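Working through the structure, step by step
One-letter residues, chain by chain:
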Amino acid sequence: MKLYYKPGACSLSPHIVLREAGLDFSIEKVDLAAKKTEHGADFLAVNPKGQVPVLQLDDGSILTEGAVIVQYLADQKPDRQLLPEAGTPARYHALEWLNYVATELHKGFSPLFNPRFPDEAKAVAREMLEKKFAFLNDQLAGKEYLLGNRFSVVDAYLFTVMGWAKALKFDLSALPHLSAFVERMAARPAVDAALAAEGMK
């Protein structure tokens with residue numbers, strides 16, 4: 001398998017999961033502005049959406065959308081227990097969290113990365129994200145990870161998004177459970193290896 005990525009982008013989440021699952025894979029960096037891969041290929045020919053992550057499977061087909069890719073990866077190595085078993089209530093609660101991170105957090109950052117958004121809109125976006133961070137802090141009270149005390153693919157996605165919060169100078173000092181989660185995630189060997197491979201260490 002090959003993961004097409006941009007350093008620090010949402011593609012970091014499946015990158016972490018690939019390493020947590022112990023799967024064989026390669027990575028290829030993408031210049032999203034130029035729509036070129038690091039080897040000079042036309043990225044739009046790989047993914048007409050023009051976005052990362054893209055997972056090229058062993059048969060040459062591609063899978064896109066990070067929240068879906070991490071589910072696929074978890075199911076390749078069920079013994080790693082990166083997601084609860086399919087069909088169980090716990091699985092649907094995990095998917096509930098994946099969708100929350102994707103729609104409420106990930107997309108909530110979009111105005112902050114877009115130079116065309118006015119400052120007023122960015123201020124509203126920051127305020128909305130801060131409320132969601134407070135909610136997450138409450139949800140993490142007494143737990144190591146979002147689903148309890150076992151790491152799951154949801155945590156890889158949340159950690160990735162919280163990296164953007166750090167880059168955008170959000171103050172998380174009043175959110176001890178969320179801050180501790182970020183530190184706990186950063187200490188995981190797979191996370192450390194993914195950050196190093198993307199040149200972020």
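Rules used throughout
- Residues numbered from 1 in each chain as written.
- Predicted model: local features only at pLDDT ≥ 70, side-chain atom pairs only at ≥ 80, totals over all residues.
- Heavy atoms only, no water.
- Pairing = 2+ DSSP bridges.
- Helix = DSSP H or I, 4+ residues; strand = E, 2+ residues; numbered from the N terminus.
- Core = buried A, V, L, I, M, F, W, Y, C linked by side-chain atoms within 4.5 Å.
- Buried < 20%, exposed > 50% of the residue type's maximum accessible area, 1.4 Å probe, protein only.
- Domains from an automatic or database assignment.
- Contact = heavy atoms within 4.5 Å.

All right, on to the sheet that holds strand β5 (residues 62–64) then. Whenever strands of a sheet pair, they do so through backbone hydrogen bonds, lying parallel or antiparallel. Within the open sheet, the five strands sit side by side as β3-β2-β1-β4-β5. Their pairing is mixed. With one partner strand each, in any of the chains shown, β3 (36–37) and β5 form the two edges of the open sheet. In this structure, strand β1 (residues 2–5) lies alongside strand β4 (residues 54–56), joined through three bridges in antiparallel fashion. Of the residues in β4, the one forming a bridge with K2 is Q56.

Once that is clear, we can look at the nonpolar core. Judged by nonpolar contacts, the single largest core of 55 residues is most densely connected at L105, F109, F133 and L136. Of all the elements in the fold, those that place two or more residues in this core are α1 (12–21), α3 (66–76), α4 (89–106), α6 (119–139), α7 (153–167), α8 (176–186) and α9 (189–197). A per-element tally of this core places α7 first, with ten residues. Residues lining this core come from more than one domain, with at least three contributed by each of domain 1 (2–80 + 191–198) and domain 2 (89–188). Excluding residues within four positions of it along the chain, L136 makes contact with W97, Y100, L105, L146, L158 and L178. By size, the runner-up hydrophobic cluster in this structure holds seven residues, among which are Y4, A9, F43 and V54.

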